[in-house]
Amino acid sequence: MSDTADYRALSEAYSAHNYHPLPVVITEAEGAWVTDVAGNRYLDMLAAYGAVNFGHRHPRLLARARAQLDRATLVSRAFDHDQFGPFVRDLARLCGKDMVLPMNTGAEAVETALKTARKWGYEVKGVPVDEAVILTFAGNFHGRTTTIVSFSDDPIARNSFGPFTPGFRSVPYGDIEALRAAVDDRTVAVLLEPIQGEAGVVVPPSGFLTAVRELCTAAGILMIDDEIQAGLGRTGATFAADHENVVPDIYVLGKALGGGIVPVSAVVADTDILGVFGPGQHGSTFGGNPLACAVAREVVAMLTTGEFQERARELGAHLHRRLAGLPDVKAVTGRGLWAGIQLPGDARRISERLLARGVLAKETHGTIIRFAPPLVITREELGFAVEQLESALAETD
Ligand SMILES: *Cc1c(COP(=O)(O)O)cnc(C)c1O
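Residues numbered from 1 in each chain as written. Predicted model: local features only at pLDDT ≥ 70, side-chain atom pairs only at ≥ 80, totals over all residues. Heavy atoms only, no water.

With an unreviewed UniProt entry as reference, the chain is termed ornithine aminotransferase, source organism Nocardia yunnanensis. Comment text from UniProt for the chain, heading Sequence similarities (unreviewed entry), reads "Belongs to the class-III pyridoxal-phosphate-dependent aminotransferase family." According to the UniProt record, the Pathway (unreviewed entry) comment for the chain reads "Amino-acid biosynthesis; L-proline biosynthesis; L-glutamate 5-semialdehyde from L-ornithine: step 1/1." (UniProt positions renumbered as here; feature names shortened; annotations may be inferred.)

Structural data, given as structure tokens:
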């Protein structure tokens, strides 16, 4: 079997239709490029929603994974292993926090942070049991579990999945007064994305993260910063909150933490918060496994040099300048190597034209194209993507 249509037909026939993929069947990937089964090459401007920050199959990460494959891959947390301690120490240090609770997917880490905040709320803050409220924001995306879609306002993510988990209240994103008004004696935490990714790379007003930090401190509630997509270099800093010098109480990490090789997520916080967990109160069979820890520890090491953050900062500024100059683009949002490009018309059509022109990108919310290339991309490659976007926008059919 070699034909794109044959593979697509199999996927259509045998997989649930919970995605609407572009008609490309990838077979190989390296750096910022992927190759399909027909031998066509594409520049990857999505990077698995930011999970491939270091490019596909980064040699350093592959070497670390290969070495670990020859040693031990999974032992469960019933036993300790030699990759665990060094990884949690290094990640805690990267975040400037005391401890780490590793999981696998982003949604699991968000669930972990919510459980942490509730338990902390009852046992440390003294909120009456089962009455804790966590504040969230309109337009949020934190994953797809039943609890997480309970505080989503996207009808596609929610409809037919109720009954929903209580204990959440949503306010407009970027509106500090609405947030202040929503805080009461049952509030235990604020959960936010420092830049809303799935909403279309929406950046809050300057000073918003600082104001949330001050409000949380004053109210004695936890600031939970979901850096799953924004973090680990993407915006030109290790964490998007760094741009305002804001330190949240809880970091939620995922996506790029696994180096594009294995799913690795984590909640990182100080002992007075993550210390609420005792044995059996939370866990995961695969969380913190030797292969995951080995790869993620290498990811952390790669981030400590600042090299990738620097690339994202410089190349990102260049990308945003180039995009802003395109005649058919209505607006460009985002930061670093992360851009939400608002188009006058159907963005799906544009992503299909980009595909035909050798660029992989995905539309979101009908009229927005997101660019989130691997941070190893070059200036010339970015230029290629922008030129193809310009041509795709000029095309008529
Ligand atoms: C992708 C994402 C998640 C969910 O991660 P999964 O690994 O898909 O479960 C949560 N929060 C944010 C901000 C994300 O971008």
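Colleague: Just checking my understanding: could you explain the pairing of strand S1 (residues 26–30) for this structure?
Modeller: The side chains of a regular strand alternate between the sheet's two faces. Here four bridges tie S1 to strand S2 (residues 33–36), and the two strands are oriented antiparallel to one another. Bridge assignment links Glu-28 to a residue of S2, and that residue is Thr-35. Turn length for the S1-S2 hairpin, with the two strands adjacent in sequence and antiparallel, is two residues, and the turn residue Gly-31 shows positive phi of about 60°. (Pairing = 2+ DSSP bridges. Helix = DSSP H or I, 4+ residues; strand = E, 2+ residues; numbered from the N terminus.)

Colleague: What's the story with the side chain of Arg-8 in this structure? I'm lost.
Modeller: Assignment of secondary structure puts Arg-8 in helix H1 (residues 4–14). Excluding its chain neighbours within four sequence positions, the residues that come into contact with Arg-8 are Pro-21, Pro-23 and Val-25. (Contact = heavy atoms within 4.5 Å.)

Colleague: How should the pattern of salt bridges be read in this particular structure?
Modeller: Side chains that differ in sign of charge can pair as their charged atoms come close. Summed over all chains, the structure comprises 19 salt bridges. One salt bridge connects Arg-370 with Glu-198, and the closest N-O pair in it is separated by 2.8 Å. On the criterion of sequence distance, the pair formed by Arg-370 in strand S15 (residues 368–371) and Glu-198 in the loop between strand S7 (187–192) and helix H9 (208–219) is long-range, its members being 172 residues apart. The same class applies to Arg-370 and to Glu-198, which are both buried. Glu-395 serves as the salt-bridge partner of Arg-357, at 3.0 Å between the closest nitrogen and oxygen. Of the two residues, Arg-357 sits in the loop between helix H13 (347–356) and strand S13 (359–360) while Glu-395 sits in the segment after helix H14 (379–394), which places them 38 residues apart along the sequence. Residue Glu-395 is classed as partly exposed on the basis of its relative accessible area of 29%. Taken together, the shared-partner salt bridges connect Arg-348, Arg-349, Glu-352, Lys-362 and Glu-363 into one network. (Salt bridge = Lys/Arg side-chain N within 4 Å of Asp/Glu carboxyl O. Buried < 20%, exposed > 50% of the residue type's maximum accessible area, 1.4 Å probe, protein only.)

Colleague: For this particular structure, what's the right way to read helix H3 (residues 59–69)?
Modeller: Within an α-helix, residues lying three or four positions from one another point in the same direction, as the helix has 3.6 residues per turn. Looking only at H3, the buried set comprises Leu-61, Leu-62, Ala-65 and Gln-68. Down the axis of H3, the buried set is contained in an arc of 135°. They therefore lie on one face. Residues of H3 that are exposed and angled more than 90 degrees away from the buried face: Pro-59 and Arg-66. Those residues of H3 that are buried lie in contact with helix H11 (290–303). (Arc of directions from axis to C-beta.)

Colleague: Any chance you could explain the packing of H3 against H11 here in plain terms?
Modeller: It is the contact of H3 with H11, at a shortest axis distance of 9 Å, that shows an interaxial angle of 155°. The orientation of H3 relative to H11 falls into the category roughly antiparallel. The two elements H3 and H11 cross, and the hand of that crossing is right-handed. Mapping the contact onto sequence places Arg-60, Leu-61, Arg-64, Ala-65, Gln-68 and Leu-69 in H3 and Pro-290, Leu-291, Ala-294, Val-295, Glu-298, Val-299, Ala-301 and Met-302 in H11. Of the residues that constitute the contact of H3 with H11, the class distribution is 10 nonpolar, one polar and three charged. (Axes fitted to C-alpha atoms, helices over the stretch in contact; angles between N-to-C directions. Parallel < 35°, antiparallel > 145°, perpendicular 65-115°, else oblique. Left-handed = near helix turned anticlockwise from the far one by under 90°. Nonpolar A, V, L, I, M, F, W, Y, C, P; charged D, E, K, R; others polar.)

Colleague: So what exactly am I meant to see when it comes to the sheet that holds strand S5 (residues 133–137) here?
Modeller: Across a sheet, strands are paired by hydrogen bonds formed along the backbone, either parallel or antiparallel in direction. The seven strands lie next to each other as S4-S10-S9-S8-S7-S5-S6, forming an open sheet whose pairing is mixed. The open sheet has two edge strands, strand S4 (99–103) and strand S6 (168–171), and neither has a second partner. Each strand axis lies, on average, 20° off the axis of its neighbour in the sheet, ignoring direction. Taken together, the four bridges between strand S9 (residues 250–253) and strand S10 (residues 265–269) define a ladder with antiparallel strand orientation. Looking at the pairing, Val-252 lines up with Val-267 of S10. Running over the sheet, helix H5 (residues 106–125) touches S4, S5, S6, S7, strand S8 (222–226), S9 and S10 and is turned about 160° from S7. Across the face of the sheet, H9 comes into contact with S5, S7 and S8 while running at roughly 145° to S8.

Colleague: I would appreciate a short explanation of the sheet that holds strand S14 (residues 362–364) in the present structure.
Modeller: Overall, antiparallel pairing links the four strands, which are arranged S11-S12-S15-S14 in an open sheet. Two strands close off the open sheet at either side, each with one partner strand: strand S11 (331–334) and S14. Direction aside, neighbouring strands of the sheet carry axes that sit 30° apart on average. The strands touched by H13 within the sheet are S14 and S15, with S15 carrying the most contacts at an inclination of about 45°.

Colleague: Whenever I open this one, the nonpolar core confuses me. Can you help?
Modeller: For soluble globular proteins, nonpolar side chains are generally found buried alongside one another. Core analysis: the biggest nonpolar cluster contains 60 residues, and Leu-91 and Phe-371 have the highest contact counts within it. The element best represented in this core is H11, accounting for nine residues. Residue contacts for Leu-91: discarding those within four places in its chain leaves Val-100, Leu-253, Leu-257, Ala-266, Val-268 and Val-300. The next biggest cluster of nonpolar side chains, apart from the first, holds 29 residues, and it includes Met-103, Ala-107, Ala-109 and Ile-224. (Core = buried A, V, L, I, M, F, W, Y, C linked by side-chain atoms within 4.5 Å.)

Colleague: I keep staring at the packing of helix H12 (residues 307–324) against H14 and nothing clicks. Help me out?
Modeller: If you want to describe how two helices pack, look at the angle between their axes and the distance between the axes. Contact pair H12 / H14: the axes reach a minimum separation of 10 Å and the direction vectors enclose 20°. Regarding the angle of H12 to H14, the classification is roughly parallel. Taken as a pair, H12 and H14 cross one another with a handedness that is right-handed. Of the residues in H14, those in contact with Leu-315, His-318, Leu-319, Arg-322 and Leu-323 of H12 are Arg-379, Leu-382, Gly-383, Val-386, Glu-387 and Leu-389. Considered class by class, the residues forming the contact of H12 with H14 number six nonpolar, two polar and three charged.

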